[in-house]
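Listed below are the residues making up each chain.
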There are 2 protein chains.
Amino acid sequence: MTQPPDSSTLHALLADLPAEIVTTDRDRVLGFVRDESRFTAHDSPLAVVTPRSTAEVAQVLRAAHRHGIGVVTRGAGSGLSGGANAVAGCVVLSTHRLDRILEIDTAERVLVTQPGVVTSDVRAAAAAEGLFYPPDPGSVAFSTIGGNVATNAGGMCCVKYGVTGDYVLGLEAVLADGRILRTGRRTAKGVAGYDLTRLLVGSEGTLAVITEVTLRLVPAPRAPRTVLATFPGLLQAGDAIATIASGAVVPSVFELLDRVTLRAIEEMEPSGFDDEIGAVLILQSDSASAAEDSDHLAQLCSAAGAVDVAVSEDAQEAHLLLQARRLALPALQARGDWLLDDVCVPRNRIVELLRRIEEVASAEQVTIGVFGHAGDGNMHPTVVFDEADETGAAAATRAFDRITGAALELGGTVTGEHGIGRLKAAWLGRELGDVARDVHRALKHAWDPTGVLNPGVMGLAPRPVRD
Amino acid sequence: MTQPPDSSTLHALLADLPAEIVTTDRDRVLGFVRDESRFTAHDSPLAVVTPRSTAEVAQVLRAAHRHGIGVVTRGAGSGLSGGANAVAGCVVLSTHRLDRILEIDTAERVLVTQPGVVTSDVRAAAAAEGLFYPPDPGSVAFSTIGGNVATNAGGMCCVKYGVTGDYVLGLEAVLADGRILRTGRRTAKGVAGYDLTRLLVGSEGTLAVITEVTLRLVPAPRAPRTVLATFPGLLQAGDAIATIASGAVVPSVFELLDRVTLRAIEEMEPSGFDDEIGAVLILQSDSASAAEDSDHLAQLCSAAGAVDVAVSEDAQEAHLLLQARRLALPALQARGDWLLDDVCVPRNRIVELLRRIEEVASAEQVTIGVFGHAGDGNMHPTVVFDEADETGAAAATRAFDRITGAALELGGTVTGEHGIGRLKAAWLGRELGDVARDVHRALKHAWDPTGVLNPGVMGLAPRPVRD
């Protein structure tokens, strides 16, 4: 059933755009109204638009700008902060038809792609040429590269290889008024003008709509050695994290799973983690000294109180272990309702963060699964509760807020990789302070003076600079 | 002799600032009117101010803002683009009294410093703790970390370790109106809000005055193996560059010196480069497989036509070789007047760039020394000429422009690491195009609406966004 164009605004929009790229069918639109976050608001858009080219994106933005319609851009909708949630009367711009890898230059190690390509397809295309695109967010198999850039996505690679933004050389993006901007370069270095590329990376659709991404690739890494260390409790694992994080050997993977998470994974897909295990660290080294490095990492785990440490060079075993790690979130989600946090603290404050999370779980009488990127200090404490129980939902929200607040108190940030979106808009102001917040508003105003791009995300209304 | 305060503006400024931080003595002021660039304009400032704290920087900016006085910020004045040249009636804000390293956190591998600290002192402080701050611009022994951040300085490390901006976690900066802004974080990751840190890195004093820098350090590297390869001509070296740059082994140093540069170095400090050598590549590997890697790099050089290839693990020898490389610019400067370029092209276009530089030298009948960061495609063609000869100076300028234009034609950038400053303000527009230029102006307006910060640099007058 097609939703009748029931407003003059929709009429005007439809008149400006090719019919093939506008969807108003209520049932189909429903699949585009929110991302994967919980506790974030969403509302009914006017329409979903699915441009097939940069020129069509520009057409959409010119029309939206002219008629004062908000534009919420989305990739796969796998975000966890509400950054792609529709607002009332907006258009949702889905990039899923911008799905071509445009070029791979193997000599220069550059890949140019449209934003709607799934990230694992980018990685596979690089791998087919013997090259490596490191960023690997948990959603790598279904999120799109455009969404990864818009949120500056992370993943397990970051401890050694850095985040998405570290691989973005340049962008094509459409401005709020429909003009097409090119930023950055294809060269290894370049300092001509302001770093517009880095400003757009992580800007969550609030400054421009990304239509093309130029990525830097690196040579394929060596086969890794994997260390699996099991600990009686979270705090011993925390000690190992602190020691390894300040040591000279930088692992290429450095992940933590706690007891709650391990049990959830076991329930979903038995992986051999028994009930006695309090926490697990998964470490890899893919350097030329991987053998020596992995032995060293194993020794540090033992010294911190690991009850069992295994080093393996079996690729299949390593793959299964990382697959088990990737089940952490879906496995916790399967246990009931959930509220996922994404705090990041200085690495030497991780033990203290873990201690505080235990306190919060105990004080609020909630179950909290803790997993995440230990080597970066980036943890995903996940509150699991029963949605039907109002008291439980309130306690979950309080626990979430207390953990986020603890990260700030420990000198950390409210979001390591998921972004602010709508979920943490109120927290952004607390982290930034008044002056940085004013600068954010002035930047928003400079790029999007009428505020059509992703209205409400980051809590940013454009405001002109004081002068 | 003290310059009498001959204008009401100077009177007003002096009334607002502590006398100890204002210098109007003509002779002393003269040492602060320009950087090390050639062919860039400079004029007489009202005064030089030397704040001793962030609060005093804020005081200077409030006063400048109130009285409409331009503020040109400078570190050591070693820049090569005119970015620190005084304009008529401005104040020059020198950061040389903001010269303290405030903190080194060895567990977290974070160093916090004021901007006026010399970069080699930052590196030494890190090294004293067994840690490494990679960026090493040619000026490392005398440039300041604040200037390095303001220009996003590079150096020999970049091919493996990246540029200054890759190590800046956060900043404190004073806005045009005197408000104090904090950006970034101390954590390994963080995506809360826009990347103001990266926007300030490389902004050449046009958006804010940097008063504190939080740097990320890395574990100290292993002792490197060094490869010295000599080639009969530049084009054989270019072939070796192209092959190595697209190969799987990433060197930690990858530098080129041509015949003109080698002769100049020999004249300044004999280093054993004989007259027959057409070009030299200096490569290092500091990875765990340095022995294997350096042998592989040596073989690639031989295959490309090197006449002599030596591999060494002697630290002293390697140090002397890199010292000789660092003499390239001073040695060329000693040969007469000079005009230094800083173009960067995709690595697989280096051979073509070198070919075009030879053509330009021949067509304009000028001597051009070529050296630079081969692994990044970042070359410093340096035109050497006789200042007294008007025809020669004109030919030098034409040669410079033709080389810069060639870099753009080859898909490169007009500046790989020296910045736009005043030297390349006209080129910036050509590289950016109209839309990116408009965005630059809107950003300048958002940060500095009255245009007091480094007026004229990048050719940017603030202009409000269209809406």
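Predicted model, so just to flag it, every value in this text is computed and none were measured.

Engineer: I tried to follow unusual backbone geometry on my own but got confused; where do I start?
Structural biologist: Leaving glycine out, the prevailing phi sign among residues is negative, and the prevailing peptide bond configuration is trans. Unusually for a residue other than glycine, E204(A) sits at a positive phi of about 55°. Among the structural elements, E204(A) can be located in the loop between α7 (196–200) and β10 (209–216). Judged by its relative accessible area of 6%, E204(A) is buried. With a phi angle near 55°, Q365(B) is a residue other than glycine that sits in the positive phi range. With respect to the helices, strands and loops of the structure, Q365(B) is situated in the loop between α13 (350–364) and β18 (367–369).

Engineer: Any chance you could explain the sheet that holds β10(A) here in plain terms?
Structural biologist: All names here are of chain A. The strand order across the open sheet formed by five strands is β5-β6-β10-β8-β9, and the pairing between neighbours is antiparallel. Edge positions in the sheet fall to β5 (101–105) and β9 (180–184), since each has one partner strand and no second. Between one strand axis and the next, the sheet turns through 10° on average, direction left out of account. In this sheet, β10 lies alongside strand β6 (residues 110–113) in antiparallel orientation, the contact comprising four bridges. Pairing of L111 across the sheet is with L215, part of β10.

Engineer: Would you mind showing me how to read helix α3 (residues 54–67) of chain B here?
Structural biologist: Residue pairs spaced three or four apart in an α-helix point in one direction, given the helix's 3.6 residues per turn. All names here are of chain B. With 14 residues, α3 should cover 20 Å at 1.5 Å per step; its first-to-last C-alpha distance of 20 Å lies within 8% of that length. Every buried residue of α3 is accounted for by T54, E56, V57, A58, V60, L61, A63 and A64. G68 sits one or two residues past α3 and shows a positive phi near 65°.

Engineer: Explain the pairing of strand β12 (residues 225–231) of chain B here, please?
Structural biologist: Each regular strand shows side chains that alternate between the opposite faces of the sheet. Residue and element names in this part refer to chain B. The buried fraction of β12 is high, at five of seven residues. Strand direction decides the pairing type here: β12 and strand β14 (residues 279–285), joined by seven bridges, are antiparallel. When the bridges of β14 are listed, V227 appears paired with L283. By the bridge criterion, five bridges tie β12 to strand β15 (residues 308–312) in an arrangement that is antiparallel. Bridging from a neighbouring strand, V227 pairs with V311 of β15.

Rules and cut-offs
- Residues numbered from 1 in each chain as written.
- Chains lettered and ligands numbered in written order.
- Predicted model: local features only at pLDDT ≥ 70, side-chain atom pairs only at ≥ 80, totals over all residues.
- Heavy atoms only, no water.
- Helix = DSSP H or I, 4+ residues; strand = E, 2+ residues; numbered from the N terminus.
- Buried < 20%, exposed > 50% of the residue type's maximum accessible area, 1.4 Å probe, protein only.
- Pairing = 2+ DSSP bridges.
- Axes fitted to C-alpha atoms, helices over the stretch in contact; angles between N-to-C directions.
- Expected span 1.5 Å × (residues − 1).

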